[in-house]
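# Reading the structure
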Amino acid sequence: MIGILGGTFDPIHHGHLRLALEMFEGLALDEVRLVPARQPPHRGYPIARAEDRRAMLEAAVAATPGLQVDARELTRAGPSYTVDTLASLRTEFPERPLCLIVGMDAFRELETWHQWQGLSELAHIVIARRPGAPMPESGKPAELLRERLTENPAVLRGTQAGRTILQNVPPLDITATRIRSLLAAGRNPRYLLPDAVLDVIHERGLYLVSS
Ligand code: ATP
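The following paragraphs examine the structure supplied in this document. (Residues numbered from 1 in each chain as written. Predicted model: local features only at pLDDT ≥ 70, side-chain atom pairs only at ≥ 80, totals over all residues. Heavy atoms only, no water.)

### Notes on the overall build of the chain
Quick reminder of the rule: Secondary structure elements follow DSSP: runs of H or I of four or more residues count as helices, runs of E of two or more count as strands, with numbering from the N terminus. Radius of gyration here uses only the C-alpha atoms, and the compact-globule reference equals 2.2 Å multiplied by the residue count raised to the power 0.38. Only protein chains enter the accessibility calculation, which uses a 1.4 Å probe; a residue is then buried when its area is under 20% of its type maximum, exposed when over 50%, and partly exposed in between. We call two residues in contact whenever any of their non-hydrogen atoms come within 4.5 Å of each other.
Counting its regular elements, the chain contains 9 helices and 6 strands. Since a compact globule built from 211 residues should have a radius of gyration of about 17 Å, the 17 Å found for the chain is in line with a globular shape. Considering only C-alpha atoms, the chain reaches an extent of 50 × 35 × 30 Å along its principal axes. In the chain, buried positions account for 49% of the 211 residues. A separation of at least 24 residues holds for 72% of the contacts in the chain among residues at least 6 apart in sequence.

### Quick word on the sheet that holds strand β4 (residues 98-103)
Put simply, the rule is: In this description, strands pair whenever DSSP reports at least two bridges between them. Lines are fitted to the C-alpha atoms to define the axes, a helix being fitted only along its stretch in contact, and any angle between axes, read from their N-to-C directions, falls within 0 to 180 degrees.
Strand order in the open sheet formed by 6 strands is β3-β2-β1-β4-β5-β6, and the pairing between neighbours is parallel. Only two strands of the sheet have a single neighbouring strand rather than two, namely β3 (67-69) and β6 (164-168). If you compare each strand with its neighbour and ignore which way they point, the axes differ by 30 degrees on average. Two strands pair when backbone bridges link them, and strand β5 (residues 124-129) and β6 are joined in this way by 5 bridges, in the parallel orientation. The residue bridging A128 from the neighbouring strand is Q167, located in β6. Along the sheet face, helix α1 (residues 14-26) touches β1 (2-7), β2 (31-36), β3, β4, β5 and β6 and points at about 150 degrees away from the line of β2.

What follows is the structure, given as C-alpha cells:
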C-alpha cells in the first residue's frame, strides 16, 4: 500500500515529515511518496526551483526508511493535477492500493480539484485531522467521506481505491512560509526543519529574499 503526499515543499519541513511518518506507521503503509508539484493549480509558482526543492526533499528523507521522493510532477508539463499523478501511479502499480493523503482543510475544498471525482476511483483518500476537529457535515466531499468511510486501515488493504479514512495527526505549527520569511530576515529556522535541509538551503543560497 503506497501513501502519496503532494505539496510544494518550498521548503519541506518537520510538519510535512511528521504527517508522512504518522501516516506511514498509522496505516502500516509500505512507503509514503512525497510528490513535489511543479506548478500547483491553486497557487503561484513555488519560490525555489524544482531541482532545489527536489534536493531538499532528498536530503530530508535520506535518513527515514519508508519515506521517498517521487519527482514525476516535476517533469510533467502544465499544472500538476493530482488526478494525473494518481493515474500515472496506477499504471505503474496496477495491483497496489494507493492512499492519497490530504489535510482536512484540503479535503473540504476537494470539489475545486481538477476532476475531483476521479480521485477516489484511483486511490483511497486518507484525511489527516487534528484530534477532536469535527468532520465536514454538508457538501459533496462530506457525502463522499460518509459513504466511503472505514475506521479500519486493514479495509484499505483489501481494495485498490475508493475508501476514505480519518487519521488523527497531532499538528505541528510550522509552515514553509514562516521558514522562508525567517531566512529572508537573516534569522535561523533551525528545529523547524531537518538540519540536512537547512544545509542544502545554505549551500545553494535559497530564500535570501522575502517572497
Ligand atoms: P506554505 O507555507 O508555502 O503554504 P506549507 O508549509 O503549507 O507551505 P505545502 O507544501 O503547501 O506546505 O503542504 C503540503 C501538504 O502538507 C499539505 O497537504 C498540507 O496540509 C500539509 N502540511 C503542511 N504543513 C503542515 C503541518 N505543519 N502539519 C501537518 N501537515 C502540514
